[in-house]
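Chain and residue survey
Each chain, written out:
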Amino acid sequence: MDVNIVEATDKLEKNGFLDLEIDPTLDLFEEINKLKKEKNAVILAHYYQEPDIQDIADYIGDSLGLAQNAAKTEADIIVFAGVHFMAETAKILNPGKKVLLPDLRAGCSLSDSCPPGLFKIFKDKYPDHLVISYINCSAGIKALSDIICTSSNAQAIVESLPVEQKIIFAPDRNLGSFINKQTGRNMLLWDGACMVHEIFSLEKIFKIKSRHPEAKFIAHPECEEAVLAVADFIGSTTQLLKFAKEDEAMVFIVGTEAGILHKMQANNLTKTFIAAPPNNACACNDCPHMKLNTLEKLYLCMKYELPEIIMDEVLRLAAKRPIDKMLKLSEELGL
Ligand code: 13P
Ligand code: SF4
């Protein structure tokens, strides 16, 4: 091993992330593409990643698309440009492959809002309930769940169950209450939420609406009920992109993480997209976890094949069962 690799490994083990200097003359796009070929690696990226990462990815998608792609990839290395629960899901589905995450600290506030120990105590109080968990949760929560869902398939999965089936829905109370409304069910909700989607300002959204009365407000179901109540369309990131492309409106106010605007704008060059503003002095609604990944870290992580997702095998197997159920149900439902 050369000294750089030893140094990088050492830093990673201590800090869990890469901060080595990169030669500023390097064309990182070229280098990453070279590494992809050399190592038979695939880059899977979420729509909330920075534009450069989305542009170099082999596949960009929502959580369902990413999980489906991770399940069928033939690459030897999966480089996951997203947050920890997404890379962990890829590892759960691919124990024999190396799964890398450019910055191991890229967590998720929603996932953190549901610690497995507390959730187990809650779940044990309702032994006759089935547990459906949103994919934005840790492997520990997945292992305590019966079926995993994403924002793309949550409604269809709930509707596929008999109406009399009692259900616990975790961890997102906003998505859960939205699905309760859509389906007329009364699922018990874990009280978790996403820091990015809870912060939109209704007042500022109305101000933008008054300046652009023709604009449509589109929102992710992780937003609060009051925000969803004024939305013209509600859907997962992929569903929002589809709506923005197919709808005749020319101006959209977008109630989700701002990274999605890159793809939305690229798909619709003549339309205008305005990021819904948050309820604070800050003008952006970036997810601080998603944005920990950078093109530089992506390059270093592919070069040194670190940081890698490592999992306990007993936990992996327990967490895989409800993910497999989701993938099978999604296939049956044509999603
Ligand atoms: P999607 O599955 O809709 O892309 O959602 C992922 C996410 O983390 C939303 O915050
Ligand atoms: Fe988690 Fe919210 Fe960031 Fe999505 S946007 S990764 S739910 S913190």
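Above this text sits the structure in question.
The structure presented is a predicted model; accordingly, all values stated were derived computationally and were not measured. Numbers given to residues run from 1 along each chain, matching the order in which its sequence is written. Just so you know, chain letters begin at A and ligand numbers begin at 1, following the order they were written in. Given that this is a predicted model, residues contribute local features only at a pLDDT of at least 70 and side-chain atom pairs are listed and counted only at 80 or more, while totals for whole chains, interfaces and linings are drawn from all residues. In computing side-chain properties, one takes all heavy atoms of the structure into account and sets aside hydrogens as well as water.

1. Quick word on the site of ligand 2
Lining the immediate environment of ligand 2, one finds Y48, V83, C108, S109, N136, C194, V196, E222, C287, H289 and M290. Amino acids outside the nonpolar list (Ala, Val, Leu, Ile, Met, Phe, Trp, Tyr, Cys, Pro) and the charged list (Asp, Glu, Lys, Arg) are all regarded as polar, and Gly is one of them. Residue composition of the shell around ligand 2, by class: 7 nonpolar, 3 polar and 1 charged. We call a residue near a molecule or strand as soon as one heavy atom of that residue lies within 4 Å of the molecule or strand.

2. A word on the nonpolar core
We define the nonpolar core as a collection of buried residues of types Ala, Val, Leu, Ile, Met, Phe, Trp, Tyr and Cys that are connected through side-chain atoms lying within 4.5 Å of one another. The rule is simple: take the accessible area with a 1.4 Å probe, protein chains only, and divide by the maximum for that residue type; under 20% is buried, over 50% is exposed, in between is partly exposed. Residues F80, I132, F217 and M326 are the most contacted members of the largest nonpolar core, which totals 65 residues. Strands are runs of DSSP state E lasting at least two residues, helices are runs of H or I lasting at least four, and both sets are numbered from the N terminus onward. With 6 residues, the top contributor of residues to this core is helix α5 (residues 84-93). Every residue in contact with F217, bar those within four places of it in the chain, is listed here: I205, V227, V230, A231, D232, F233, I253, G255 and A276. Within the second largest apolar cluster, 34 residues are counted, among which are I43, V79, F252 and M264. Throughout, a contact is declared for two residues whenever any of their heavy atoms are within 4.5 Å.

3. A word on the site of ligand 1
Around ligand 1, the structure places H46, Y48, D62, S63, Y134, N136, S151, H197, H220, E222, S236 and T237. Side-chain polar atom of H220 to an oxygen atom of ligand 1: 2.7 Å apart, as the coordinates give it. For this analysis, a polar contact is any N or O atom pair within 3.5 Å, provided that within protein one partner can donate a hydrogen and the other can accept it, and provided that sequence-adjacent residues contribute only side-chain to side-chain pairs. The separation between an oxygen atom of ligand 1 and a polar side-chain atom of T237 is 2.5 Å. Looking at side-chain class alone, the shell around ligand 1 contains 2 nonpolar, 8 polar and 2 charged residues.

4. Details of the packing of helix α4 (residues 63-72) against α5
As a rule, the C-alpha atoms of each element are fitted with a line to give its axis, helices using only the stretch in contact, and angles between N-to-C directions run from 0 to 180 degrees. One can describe the packing of α4 onto α5 by two numbers: an axis separation of 9 Å at closest approach and a directional angle of 30 degrees. In terms of orientation, α4 lies roughly parallel with respect to α5. For the pair α4 and α5, the crossing hand works out as right-handed. On α5, the residues that touch S63, L66, A67, A70 and A71 of α4 are M86, T89, A90 and L93. Of the residues that constitute the contact of α4 with α5, the class distribution is 7 nonpolar, 2 polar and no charged. Angles are sorted into four bins: roughly parallel if under 35 degrees, roughly antiparallel if over 145, roughly perpendicular if 65 to 115, and oblique for all others. Crossings are sorted by hand: turned counterclockwise from the far helix by less than a right angle, the near helix makes the crossing left-handed, and turned clockwise it makes it right-handed.

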